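One-letter residues, chain by chain:
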Amino acid sequence: MLIATAAVGITVFCLTLWCSLAVARMRDLPAWRRYLPLSLFLIALGASLLRAFGITQIAGTLAFPLTLAAIVLSLNEIRSRRSRNRAGLPAG
């Protein structure tokens with residue numbers, strides 16, 4: 001069971017990192033929209049690291065929702081860019 005939990009955690013970590021970096025590379029977006037998913041991911045990672053110091057309530061309250069928000073925002077930006085490219089609209 002521990003291996004399955006670790007595998008899911010590593011998968012979510014990699015998915016969030018990939019999506020956040022993909023959005024950060026989109027030059028046609030304003031800076032705040034490019035770096036919002038990455039900053040949410042880093043805040044969630046910091047909150048998750050609080051578990052190592054015994055502060056589990058803050059980690060449990062913040063880490064997962066912020067990670068989910070980073071994934072949702074990233075996928076929304078990626079999908080909207082793909083739809084703009086398919087429609088032939090200019091960037092921005």
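Reading guide: rules and limits
Residues numbered from 1 in each chain as written. Predicted model: local features only at pLDDT ≥ 70, side-chain atom pairs only at ≥ 80, totals over all residues. Heavy atoms only, no water. Salt bridge = Lys/Arg side-chain N within 4 Å of Asp/Glu carboxyl O. Helix = DSSP H or I, 4+ residues; strand = E, 2+ residues; numbered from the N terminus. Buried < 20%, exposed > 50% of the residue type's maximum accessible area, 1.4 Å probe, protein only. Phe/Tyr/Trp six-rings, centres within 6.5 Å; stacked < 30°, edge-to-face > 60°.

(A) Quick peek at the pattern of salt bridges. In total, this model carries two salt bridges according to the counting rule given. Of the charged contacts, one joins Arg84 and Asp28 as a salt bridge, the two residues approaching to 3.4 Å between their closest N and O atoms. Pair noted here: Arg84 is in helix α3 (residues 56-87) and Asp28 is in the loop between α1 (2-24) and α2 (31-49), with a separation of 56 residues, a long-range link. With a relative accessible area of 16%, Arg84 lands in the buried category. The partly exposed category is assigned to Asp28, whose relative accessible area is 23%. We note a salt bridge from Glu77 to Arg33, for which the minimum N-O separation is 2.9 Å. Separated by 44 residues along the polypeptide, Glu77 in helix α3 and Arg33 in helix α2 bring together distant segments of the chain.

(B) Here's a closer look at the packing of aromatic side chains. Applying the stated criterion to the full structure yields one aromatic pair. With 5.5 Å between their ring centres and 50 degrees between their planes, Phe13 and Phe41 make a pair best called tilted. Taken together, the residues Phe13 in helix α1 and Phe41 in helix α2 connect sequence positions 28 residues apart.

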